[in-house]
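Architecture and fold: a report
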Amino acid sequence: MTLLVESCPGYRRITLNRPERLNALNVEMAAALDAAFDEAAADKTCRALLLTGAGRGFCAGQDLTEIVGASPADLERLLEHYHPLILKIRALPIPVVCAVNGVAAGAGANIALACDIVLAARSATFVQAFAKIGLIPDCGGTWFLPRLIGPARARGLALTAEPLPADKAEAWGLIWKTLDDLELMAQAHQLCVHFTAAPTVALALIKRALDEAWANDLDTQLDLERESQREASLSPDYAEGMRAFLQKRPPAFTGRRAP
Ligand code: LHQ
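Residues numbered from 1 in each chain as written. Predicted model: local features only at pLDDT ≥ 70, side-chain atom pairs only at ≥ 80, totals over all residues. Heavy atoms only, no water.

1. With respect to the overall build of the protein
How we decide: Each helix corresponds to a stretch of at least 4 residues labelled H or I by DSSP, and each strand to a stretch of at least 2 residues labelled E; elements are numbered beginning at the N terminus. All radius of gyration figures rest on C-alpha atoms, and the globule criterion is 2.2 Å times the number of residues raised to 0.38. Exposure categories follow from relative accessible area, calculated using a 1.4 Å probe and restricted to protein chains: below 20% of the type maximum is buried, above 50% is exposed, and the middle band is partly exposed. Contact definition: two residues touch when any of their heavy atoms are within 4.5 Å. Neither His nor the chain termini are counted; the positive set is Lys and Arg, and the negative set is Asp and Glu. Charge positions are represented by NZ for Lys, CZ for Arg, CG for Asp and CD for Glu.
When its secondary structure is counted, the protein shows 10 helices and 10 strands. At 19 Å, the protein has a C-alpha radius of gyration in line with the 18 Å of a compact globule built from 259 residues. Each principal axis of the C-alpha atoms in the protein carries an extent, and together these give about 65 × 40 × 35 Å. In the protein, which comprises 259 residues, the share counted as buried stands at 46%. Once local pairs closer than 6 in sequence are excluded, the contacts in the protein between residues at least 24 apart make up 68%. Charged side chains of the protein number 26 positive and 30 negative; the gap between the two group centres comes to 5 Å.

This is the structure:
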């Protein structure tokens, strides 16, 4: 199986599972990922997703052995399997935590960057490998890189295809945190457990507002914040958050939408 999906209490762990190829992507894996995202979205008890890779790598991007001799049209068709995954990660109404356990290259790097919170093992590297084979960053690379780390660093990474060590990725703001290799998975799980007790409706609205901010002017964004705040304030978790504050106790958020 190219993908493993495990149910944990309140969240799911998805593991890219072709370790002998550093979890390089193929159509089968993309289809399995797409289905796993849909199933997570349909499961009202699932309040976070953890994405990681089996073995020593996170994901080496497209499996190059499977595109030997492929025509430009074949490559274009392949992206029809990959690009919807990026949009799905952004649209999922739950936090997606990515635990980058080793090298993340090509499309693999950009799938990681599409996730809401990226944690990386100190030994991991991020490689915009595309230029090494005469291609350009896809799966959102040209969109995420300049927004996350600015145009100069984005150009440097994309044009040279140099590996970026996890520590530097954190220092540059490309990812949330670098962790010791042996701590990565425990911390990633702990973060998901935190999200299983979080106000999920508000978190989904936060995700959407932050994404829409890239394209909005301030006026439009303030309108969106007002609308989103209204929606959040209708959720049972807002009432619970306020009660808990007044009663000086931790909130018991259910993640449920307004009835
Ligand atoms: C691999 C791969 C791999 C197959 C390592 N495929 N076997 C999508 C579709 C449409 C259009 C085109 O674009 C795309 C998006 C893309 O993702 S294009 C970019 C594709 N990815 C790459 O170009 C990265 C290629 N890999 C590498 O540069 C290195 O392997 C990295 C930097 C990832 C890791 O280096 P090392 O840690 O030194 O490992 P390694 O190179 O020794 O790899 C281990 C094995 O995995 C090895 O196989 P072997 O049988 O010799 O043990 C590699 O051949 C295999 N492998 N990446 N993408």
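2. Quick word on the pairing of strand β5 (residues 96-100)
As a general feature of sheets, a regular strand has side chains that alternate between the two faces. Here is the rule we go by: Two strands pair if DSSP finds at least two bridges between them.
Summarising burial for β5: five of the five residues are buried, a large majority. Burial along β5 is two-sided: V96, C98 and V100 facing one way and V97 and A99 facing the other are all buried. Bridge analysis of strand β3 (residues 49-53) against β5 gives four bridges, and the strand direction is parallel. By the bridge assignment, T52 is partnered in β5 with A99.

3. Overview of the domain arrangement of the protein
The following threshold applies: Domains are outlined according to an automatic or database domain assignment. What counts as buried area is the accessible surface, traced by a 1.4 Å probe, that two parts surrender upon association, with contributions from both included. When a carboxyl oxygen of Asp or Glu lies within 4 Å of a side-chain nitrogen of Lys or Arg, that pair is called a salt bridge. In protein, a polar contact means a hydrogen-donor-capable atom and an acceptor-capable atom, both N or O and within 3.5 Å, with residues adjacent in sequence counting only if both atoms are side-chain atoms; elsewhere, any N or O pair within 3.5 Å suffices. For this classification, Asp, Glu, Lys and Arg are treated as charged, while Ala, Val, Leu, Ile, Met, Phe, Trp, Tyr, Cys and Pro are nonpolar and the rest, including Gly, are polar.
Taken domain by domain, the protein consists of domain 1 (3-196) and domain 2 (200-247). Relative to domain 2, the C-alpha centre of domain 1 lies at a distance of 27 Å. Facing the 12 residues of domain 1 at the interface are six residues of domain 2. Both sides together, the interface formed by domain 1 and domain 2 hides about 810 Å², and carbon and sulfur atoms give 55% of it. The three residues of domain 1 that bury the most area against domain 2 are R90, P93 and R147, which together make up 48% of that side's buried surface. If you look at where domain 1 meets domain 2, you find two salt bridges. Here domain 1 and domain 2 share six residue pairs in polar contact (both at pLDDT 80 or more) between them. Considering only residue class, the side of domain 1 that touches domain 2 consists of eight nonpolar, no polar and four charged.

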